[in-house]
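# Inside the fold
Each chain is listed here by its residues.
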Amino acid sequence: MCTLSVGRVNGRWIFTHNRDESVKRGLAIPPTLHDCKRGSAYWPIDPQGGGTWWAASSMGDAVFLLNGGFEQHRRDPPYRHSRGEVIPELFQHSSAQHFLDKFSFEGLEPFTLVGRFGDVLFSWVWDGNQLHAQNFDADRWNIWASSTLYSADWKEQRSTWLRRFLNDNSTPDAELIWDFHHSSFTDDKRYDMLMERWGHLRTVAVSQVIVGPDGTGIRYEDRERDQEQFLSLTP
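The sections below set out a description of the structure shown in this document. (Residues numbered from 1 in each chain as written. Predicted model: local features only at pLDDT ≥ 70, side-chain atom pairs only at ≥ 80, totals over all residues. Heavy atoms only, no water.)

### Focus: the pattern of salt bridges
What the rule picks out here adds up to 15 salt bridges. Note that R19 is salt-bridged to E21, the shortest N-O span being 4.0 Å. Note on accessibility: R19 and E21 belong to one class, buried. With a closest N to O distance of 3.8 Å, D192 and K189 form a salt bridge. One network of salt bridges, with partners in common, ties together R19, E21, R25 and D46. (Salt bridge = Lys/Arg side-chain N within 4 Å of Asp/Glu carboxyl O. Buried < 20%, exposed > 50% of the residue type's maximum accessible area, 1.4 Å probe, protein only.)

### Some remarks on the nonpolar core
L4, V6, F15, W54, V209 and I218 are the most contacted members of the largest nonpolar core, which totals 26 residues. Taken together, the elements giving at least two residues each to this core come down to β1 (3–9), β2 (12–22), β5 (54–57), β6 (62–67), β12 (201–212), β13 (215–222) and β14 (227–233). Sort the elements by how many residues they give to this core and β12 lands first, with four residues. For W54, the residues in contact, after removing those within four places along its chain, are P31, Y42, W43, P44, V63, F64, I87, S207, V209, I218 and Y220. The next biggest cluster of nonpolar side chains, apart from the first, holds 22 residues, and it includes V63, V86, L90 and W124. (Core = buried A, V, L, I, M, F, W, Y, C linked by side-chain atoms within 4.5 Å. Helix = DSSP H or I, 4+ residues; strand = E, 2+ residues; numbered from the N terminus. Contact = heavy atoms within 4.5 Å.)

### Topic: the sheet that holds β5
One open sheet holds the seven strands; their spatial order is β3-β4-β5-β6-β7-β8-β9, and the pairing between them is antiparallel. Each having just a single partner strand, β3 (29–36) and β9 (131–134) make up the two edges of the open sheet. In this sheet, neighbouring strand axes are inclined to one another by 15° on average, regardless of whether the strands run parallel or antiparallel. The pairing of strand β4 (residues 39–45) with β5 spans two bridges and is classified as antiparallel. Note that in β5 the partner of Y42 across the bridge is A56. (Pairing = 2+ DSSP bridges. Axes fitted to C-alpha atoms, helices over the stretch in contact; angles between N-to-C directions.)

### Here's the deal with the side chain of H17
On the secondary structure map, H17 appears in strand β2. For H17, a relative accessible area of 0% gives the class buried. Of note is the side chain of H17, whose polar atom sits 3.4 Å from the backbone oxygen of L65. If we ignore the near neighbours within four places in the chain, the residues touching H17 are C2, T3, L4, W53, F64, L65, H181, A205, V206 and S207. (Polar contact = N/O pair within 3.5 Å; in protein donor to acceptor, adjacent residues only side chain to side chain.)

### Thoughts on the layout of surface pockets
The volume enclosed by the largest pocket comes to roughly 600 Å³. In terms of lining residues, the largest pocket is bounded by 26 residues, among which E21, R25, N67, R83 and E109 are the most central. Looking at the lining of the largest pocket, the elements that each hand over two or more residues are β2 and β6. Looking at which element gives the most residues to the lining of the largest pocket, the answer is β2, with four residues. Looking at the lining of the largest pocket residue by residue, the classes come out as six nonpolar, twelve polar and eight charged. (1 Å grid on protein atoms, 1.4 Å probe; cavity = no way out; pocket = protein on both sides within 12 Å on 5 of 7 lines; lining within 4 Å. Points joined across faces, edges and corners; volume = space filled by probe spheres on them. Nonpolar A, V, L, I, M, F, W, Y, C, P; charged D, E, K, R; others polar.)

### What to know about helix α3 (residues 152–168)
Here α3 spans 25 Å end to end across 17 residues, near enough to the 24 Å set by a 1.5 Å rise per residue. Among all positions of α3, only R158, T160, W161, L162, F165 and L166 are buried. At its buried positions, α3 is contacted by β1, β10 (142–145) and α4 (174–180). (Expected span 1.5 Å × (residues − 1).)

### Some remarks on unusual backbone geometry
Even without being a glycine, N10 presents a positive backbone phi close to 50°. The residue N10 is located in the loop between β1 and β2 in this model.

### A word on the pairing of strand β7 (residues 111–117)
For a regular strand, side chains alternate in direction, first toward one face of the sheet and then toward the other. Where burial is concerned, most of β7 is hidden: six out of the seven residues are buried. With seven bridges connecting them, β7 and strand β8 (residues 120–126) associate as antiparallel partners. Paired with R116 across the two strands is L121, which belongs to β8. Between the end of β7 and the start of β8, which pair antiparallel, lie two residues, with G118 showing a positive phi angle near 65°.

Now the structure itself:
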């Protein structure tokens, strides 16, 4: 599931995420407010696993989940718990390092976690055996796609789409990036930004979190309910 882009414009971080998921999982619970170690935080809830695919806090944290590690893996259940439970657990820790010191990834299905937590900007990849903690270039736009749905070639294609989009829009803002995540770049709907496969797998939600010095803004589009939310958090 999922495609995520991250970039910074005029001192504000813009995280935009397409959730590609089977509608057979049921309707997700829209973002609601939760108490956590770092103030209050919004996140939606997956009805099947009980976890979430993103969260944003009043302290300026924003973290996003993508299924899979570096490449497609063969599922080998049972797993200890849903990958979606990782983000709520992270938000019960005072820092990213404290979480890494205390949390065990063993027994979890591979996933990628990208975000900003405290002063740490990170990309963590759990490949099922080892955690790979990586940094990414904060001075350019980055894009990720789930290895469970997109091959290396299609990941690179997404990078090309974003690069060309930014070349055509040299001063991007949140609205333009929102448009990018809703744009069509290929006739093959299986791999487009708003994707659809097999009659039940499609882009069910688009989320955008904007983190700035004066607070956090959230835009959440539930494409299954045809509803949109605008939320905010202040330090």
